[in-house]
Amino acid sequence: MSTIQVQDDNGVRIITFNRPDKRNALNLQMYIKLTEYLIQGESDNEIQAFMLRGQAQCFTSGNDIADFLTNSDLGADHPAFKFLLCLLDLTKPIVAAVTGPAIGIGTTMLLHCDMIYADNTAKFQLPFVQLALVPEAAASLLLPHAIGHAKAAELLMLGDSFNASAALQYGLINDVINSEDIFSYTLKQAKRLAQQPPISLQTTKKLMRYNKESIRKQMKKEQIEFAIRLASDEAKTRFAAFLKR
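Residues numbered from 1 in each chain as written. Predicted model: local features only at pLDDT ≥ 70, side-chain atom pairs only at ≥ 80, totals over all residues. Heavy atoms only, no water.

**Re the state of the cysteines**
We apply this condition: Disulfides are defined as cysteine sulfur pairs within 2.5 Å. Residue burial is assigned from relative accessible area. The probe radius is 1.4 Å, only protein chains are included, and a residue is buried under 20% of its type maximum, exposed over 50%, and partly exposed in between.
Under the criterion given, the structure shown has zero disulfides. Here Cys113 stays unpaired: no disulfide links it, and the sulfur of Cys86, its closest cysteine neighbor, is 12 Å away. By relative accessible area, Cys113 is classed as buried at 7%.

See below:
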């Protein structure tokens, strides 16, 4: 069974992380398929919105660490970086349904979504410094802009997890939805977007993302620093301890 599933429903492309045995940890092949499905949907006139989701138990636990370490050349062609740039460059809106863990890139990718709904099982975390790394996806720019420097520093530097109620309070998600309704409600919202006049919808998104080039530059800065940190003895020690758990 595919680790990334795709289904089109009334103008919405639903993309599902489907690796539950690994808590939907993202490996390089999953990044490649995610980017492929997003690019296909972007060019398909029948698709007007995207929806990201996992299973009821988990959105995604972030990068598959073992896979990531065996493919650690973080150049511009790295599948994870290409996926993030694809998210940045989408002209069509993207909605996410978050259940269970959303760790690392599971949280930072949400900063590039237009609407986010979570249930009360959702747990967000940005453990980059804990792993002797730095943030990615321009989180070091977008998170302080969204919630203020002080709270962003706490989340990025200490790496503590936070629940859906806190995410709502910070303004990082739109609403907390009952677990039994989370996927249907998020899809309903995505379908509402898909029924809007498409040019007006996409232009509005473009106007709201007025600082896209600044975001792109920050992503590239983070990519360079991330690669340096990933090769450090400090990170190797942290990863070795993580993989022994």
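**Quick word on the packing of aromatic side chains**
Convention followed: For Phe, Tyr and Trp, rings pair up if their centres lie within 6.5 Å, where Trp contributes its six-membered ring, and each pair is then called stacked (planes under 30 degrees apart), edge-to-face (over 60) or tilted (otherwise). Runs of E in the DSSP output that reach at least two residues are strands. Runs of H or I that reach at least four are helices, and both are numbered from the N terminus. Think of it as a cone above the ring: NZ of Lys or CZ of Arg counts as a charge over the ring if it is within 6 Å of the ring centre and within 35 degrees of the ring normal.
Under the defined criterion, the tally for this structure stands at five aromatic pairs. Here Tyr31 and Phe83 contribute two aromatic rings whose centre-to-centre distance is 5.7 Å and whose plane-to-plane angle is 45°, an arrangement assigned as tilted. Here the residue Tyr31 occupies a position in helix 1 (residues 28-43), and Phe83 occupies one in helix 3 (residues 79-89), the gap between them amounting to 52 residues. The same class applies to Tyr31 and to Phe83, which are both buried. On the basis of an interplanar angle of 55° and a centroid distance of 5.6 Å, the ring pair of Phe162 and Tyr170 is categorised as tilted. Exposure class is identical for Phe162 and Tyr170. Each is buried. Three or more aromatic residues link up through ring pairs in this structure, and these residues are Phe124, Phe162 and Tyr170. Across from the ring centre of Phe183, 3.6 Å away, lies the NZ or CZ of Arg53, which sits over that ring.

**Let's talk about the packing of helix 5 (residues 139-147) against helix 10 (residues 212-230)**
The test is simple: Axis geometry follows a simple rule: fit a line to the C-alpha atoms, using only the stretch in contact for helices, then measure angles between N-to-C directions, giving values from 0 to 180 degrees. Put simply, angles under 35 degrees are roughly parallel, angles over 145 are roughly antiparallel, angles from 65 to 115 are roughly perpendicular, and the rest are oblique. Here a residue-residue contact requires only that any non-hydrogen atoms of the pair lie within 4.5 Å. Note on residue classes: Ala, Val, Leu, Ile, Met, Phe, Trp, Tyr, Cys and Pro are nonpolar, Asp, Glu, Lys and Arg are charged, and everything else, Gly too, is polar.
Where helix 5 meets helix 10, the axes come as close as 8 Å, and the angle between the chain directions of the two elements is 130°. With respect to each other, helix 5 and helix 10 are oriented oblique. Contact residues: Ala139, Ser140, Leu141 and Leu142 in helix 5; Ser214, Ile215, Gln218 and Glu222 in helix 10. Grouping the amino acids of the contact of helix 5 with helix 10 by side-chain chemistry returns four nonpolar, three polar and one charged.

**Considering a nonpolar patch on the surface**
As a reminder, the rule being used: Patch membership requires over 30% relative accessible area and the absence of a salt bridge. Like charges are linked within 9 Å, and nonpolar side chains (Val, Leu, Ile, Met, Phe, Trp, Tyr) within 5 Å. Each accessible area is a Shrake-Rupley estimate made with a 1.4 Å probe; only the visible protein chains count as cover when residues are assessed. Salt bridges are identified by distance alone: a Lys or Arg side-chain nitrogen within 4 Å of an Asp or Glu carboxyl oxygen.
Taken together, Leu69, Phe242 and Leu243 make up a surface patch of nonpolar side chains, about 230 Å² in accessible area. By the secondary structure assignment, Leu243 is in helix 11 (residues 233-244).

**Quick word on the sheet that holds strand 8 (residues 162-163)**
The strands that make up a sheet are held in pairs by hydrogen bonds between backbone atoms, and each pair lies either parallel or antiparallel. As a reminder, the rule being used: For two strands to be treated as a pair, DSSP must find no fewer than two bridges joining them.
Read across the open sheet, the three strands follow the order 5-7-8; overall the sheet is mixed. Both edges of this open sheet fall to strand 5 (101-103) and strand 8, since each of them pairs with a single strand only. By the bridge criterion, three bridges tie strand 5 to strand 7 (residues 123-125) in an arrangement that is parallel. Paired with Pro101 across the two strands is Lys123, which belongs to strand 7.

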